[in-house]
Amino acid sequence: MSENQNLTKKRWTVLGISCIINVMIGTGYAWSMFMPALVGHFAPEFGETVPKTLMWAFTLANSIGPIPMIIGGYINDNLGPRWSVFVGGLLFGGGVFIAGCATTPIMVVIGYGVVMGLGMGLIYGCTIGNSIKFFPDKAGLVGGLATATYGLGSVILPLIIKNIVNPDTVLNTFKVLGIVYLVVICCGAFFITRCPVGFVPDGWTPPAPKAGVKAPESKNWKQMLADPIFWVMMVMMVCGATFGLMMISQCRGVMTTVVFAGQDPTNVAIVTTAATTVMLLALSNAFGRVACGWISDKIGRVNTLTIMLTVGIIGLFVVSRAGAGDVSVFRLGVALVGMAFGSFMGVYPGFCAEQFGPKNNGVNYGIMFTGFAIAGIVGPKVLLAFQAPFTQAYYVAMGLGLLGIIMSFCYRAMSKAK
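Note that the coordinates shown come from a computational prediction; the quantities given were computed from them, not determined experimentally.

1. With respect to the overall build of the protein
The helix and strand tally for the protein stands at 16 helices and 0 strands. The C-alpha radius of gyration of the protein comes to 21 Å, within 12% of the 22 Å expected for a compact globule of 418 residues. Along the three orthogonal principal directions, the C-alpha set of the protein runs to about 65 × 45 × 35 Å. Per-residue burial for the protein yields a buried fraction of 56% across its 418 residues. When the accessible area of the protein is evaluated, it comes to approximately 16600 Å², of which 69% is carbon and sulfur surface. When the 25 basic and 13 acidic side-chain charges of the protein are each reduced to a single mean position, those positions are 6 Å apart.

2. What about the state of the cysteines?
Under the criterion given, the structure shown has 0 disulfides. Among the cysteines around Cys186, which has no disulfide bond, Cys187 carries the closest sulfur, lying 7.1 Å off. The class for Cys186 is buried, based on a relative accessible area of 6%. The cysteine Cys239 is free of any disulfide, with Cys410 supplying the nearest cysteine sulfur at 11 Å.

3. What about the pattern of salt bridges?
For the structure on display, the rule yields 5 salt bridges. Across the salt bridge formed by Asp137 and Lys138, the nearest N and O atoms sit 3.1 Å from each other. According to the relative accessible area criterion, Lys138 is partly exposed, its value standing at 29%. A salt bridge links Asp297 to Arg301; the nearest nitrogen and oxygen atoms lie 2.7 Å apart. Where salt bridges share partners, they join Arg11, Asp137 and Lys138 into one cluster.

4. Regarding helix H14 (residues 361–368)
Of all 8 residues in H14, 8 are buried; the element is thus mostly enclosed. Asn361, Gly362, Val363, Asn364, Tyr365, Gly366, Ile367 and Met368 are the residues of H14 that are buried. Tucked inside the fold, the buried residues of H14 contact helix H4 (66–78), helix H6 (105–134), helix H9 (221–225), helix H10 (228–258), helix H13 (327–356) and helix H15 (370–384).

5. Looking at a nonpolar patch on the surface
There is a patch of nonpolar side chains on the surface, built from Ile20, Val176, Val180 and Val184 and spanning about 310 Å² of accessible area. It is helix H8 (residues 170–189) that provides the largest number of residues to the nonpolar patch, a total of 3 residues. Among the secondary structure elements, Val180 is positioned in helix H8. On the basis of relative accessible area, Val180 is assigned to the partly exposed category, the value being 38%.

6. Describing the confidence of the model for the protein
Low-pLDDT stretches of the model should not have their predicted coordinates read in fine detail. Across the protein, the average pLDDT comes to 86, with 97% of residues at 70 or higher. Per-residue pLDDT, averaged within each element of the protein, yields its smallest value for H4 (78) and its largest for H8 (95).

7. Looking at the side chain of Asn361
Within the secondary structure layout, Asn361 lies in helix H14. Within polar-contact distance, the side chain of Asn361 engages the backbone nitrogen of Ala353 at 3.3 Å. Every residue in contact with Asn361, bar those within four places of it in the chain, is listed here: Asp77, Pro349, Cys352, Ala353 and Gly366.

8. With respect to unusual backbone geometry
Residues other than glycine seldom take positive phi values, yet Phe390 does so here, at roughly 65 degrees. Of note, Phe390 is situated in the loop between H15 and helix H16 (391–417). On the accessibility criterion, Phe390 (10% relative accessible area) is buried.

9. Considerations on the packing of helix H3 (residues 50–63) against H10
Look at H3 against H10: their axes get within 11 Å of each other, and the N-to-C directions meet at 145 degrees. Once H3 is placed against H10, the crossing between them reads as right-handed. Of H10, the residues touching H3 (which contributes Met55, Phe58 and Asn62) are Leu245, Ile248, Ser249 and Gln250. When the residues that make up the contact of H3 with H10 are grouped by side-chain class, the tally is 4 nonpolar, 3 polar and no charged.

10. Points about the packing of aromatic side chains
Inspection of the entire model under this criterion finds 20 aromatic pairs. Between the aromatic rings of Phe344 and Tyr348, the centroid separation amounts to 5.8 Å while the plane-to-plane angle is 15 degrees, which identifies the pairing as stacked. Here the residue Phe344 and the residue Tyr348 both occupy positions in helix H13, the gap between them amounting to 4 residues, near one helical turn. For the residue pair Phe344 and Tyr348, the accessibility class agrees, reading buried in each case. Relative to Tyr411, the ring of Phe351 lies with its centre 5.2 Å away and its plane at 65 degrees, an arrangement referred to as edge-to-face. With Phe351 in helix H13 and Tyr411 in helix H16, this residue pair connects regions lying 60 residues apart in the sequence. For the pair Phe351 and Tyr411, a shared accessibility class is recorded, and that class is buried. An aromatic cluster of three or more residues is present, and its members are Tyr124, Tyr150, Phe341, Tyr365, Phe369 and Phe372. Looking at Arg412, its charged tip hangs above the ring of Phe409, at a distance of 4.8 Å from the centre.

The rules behind these values
Residues numbered from 1 in each chain as written. Predicted model: local features only at pLDDT ≥ 70, side-chain atom pairs only at ≥ 80, totals over all residues. Heavy atoms only, no water. Helix = DSSP H or I, 4+ residues; strand = E, 2+ residues; numbered from the N terminus. Rg over C-alpha atoms; globule rule 2.2 N^0.38 Å. Buried < 20%, exposed > 50% of the residue type's maximum accessible area, 1.4 Å probe, protein only. Areas by Shrake-Rupley, 256 points an atom, 1.4 Å probe, with all protein chains shown as cover. Lys, Arg positive; Asp, Glu negative; His and termini not counted. Charge placed at Lys NZ, Arg CZ, Asp CG, Glu CD. Disulfide = S-S within 2.5 Å. Salt bridge = Lys/Arg side-chain N within 4 Å of Asp/Glu carboxyl O. Contact = heavy atoms within 4.5 Å. Patch = residues over 30% accessible without salt bridge, like charges linked within 9 Å, V, L, I, M, F, W, Y side chains within 5 Å. pLDDT = per-residue confidence, 0-100. Polar contact = N/O pair within 3.5 Å; in protein donor to acceptor, adjacent residues only side chain to side chain. Axes fitted to C-alpha atoms, helices over the stretch in contact; angles between N-to-C directions. Left-handed = near helix turned anticlockwise from the far one by under 90°. Nonpolar A, V, L, I, M, F, W, Y, C, P; charged D, E, K, R; others polar. Phe/Tyr/Trp six-rings, centres within 6.5 Å; stacked < 30°, edge-to-face > 60°. Lys NZ or Arg CZ within 6 Å of the ring centre and 35° of its normal.

Written as structure tokens, this is what we have:
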């Protein structure tokens, strides 16, 4: 068996291990499952400021991601992903463990938001970038699978912890999870092989460029930033990610406040309903990543994103119509928003590689991911800027979705002009 045949076969193992690791780091999205218990634990001592302080943990974990992603992308593009994932595992697991040792809300923010966030970005940039390089024949599908497993982490974890996390146990839960993450990720790192430059799977011939269409050249990060089309793609990502992160960060709290207004939020039935809704959001997020990644291989990246921006706007409108007792309406809207958000996470790694070439995609996508970080700050802030039932916040997010659709047509026009 030739080396190329061996790598063609081995790439599926690399993808599988990368997906398992992504499940681990994707549990960071399950923040809303911990938030009520953490507030209950710290509020008696630190008062009413606790919720706002703790919210910075989720915001920072998402907003600082591009920094380690760029570093990890550089390591992946030049040295390979193994050690970057290993160090990321130490940071991710260690950060969660630090949160478990917290005696103040600020310590939770440092552990979960800063240290864990650095580890998350370092790993994510490598597992996604390396996997896509191994699958130039299935870039959209593999980008969807790799990012979907990242989203599935927030489905699996709530199933495990929903009955054991409370103000008395939340810190110990963090400690146990931190150790598990550290062991699984650091061990898995040694099974991830670097994709050689210019790898072409055995038996696959790259398609010839369409008549009159120039094949995109591989660009480094400086050339990418000098290309106006990068900034259009960046704005599209901000628009597509903002409404998703707005709902992901606050789904449980919004449902409790709006759909179960005036009722005891600690009621078992309400807690269970809210938890299953968070899982529905995560499942629709994961489904959107795989399905839209696959669809984008068929109809094109920008066409898929335009459709899903429309779906996201519809989902936000449905959520805005949900009132007291409207569990089904709220869930329908949340599912549509989650699917639309997932499409951006699944399609964009391949979109970036297709536009600027796979050679430097680790660094390039890390820079592009700055749009996600901006959305991670803007999304939760938009929602918290308004009072329940948050209708104005949904309208703001719908406006951003419309802006994203406009940018998609700008992208088409600029692409044709090249």
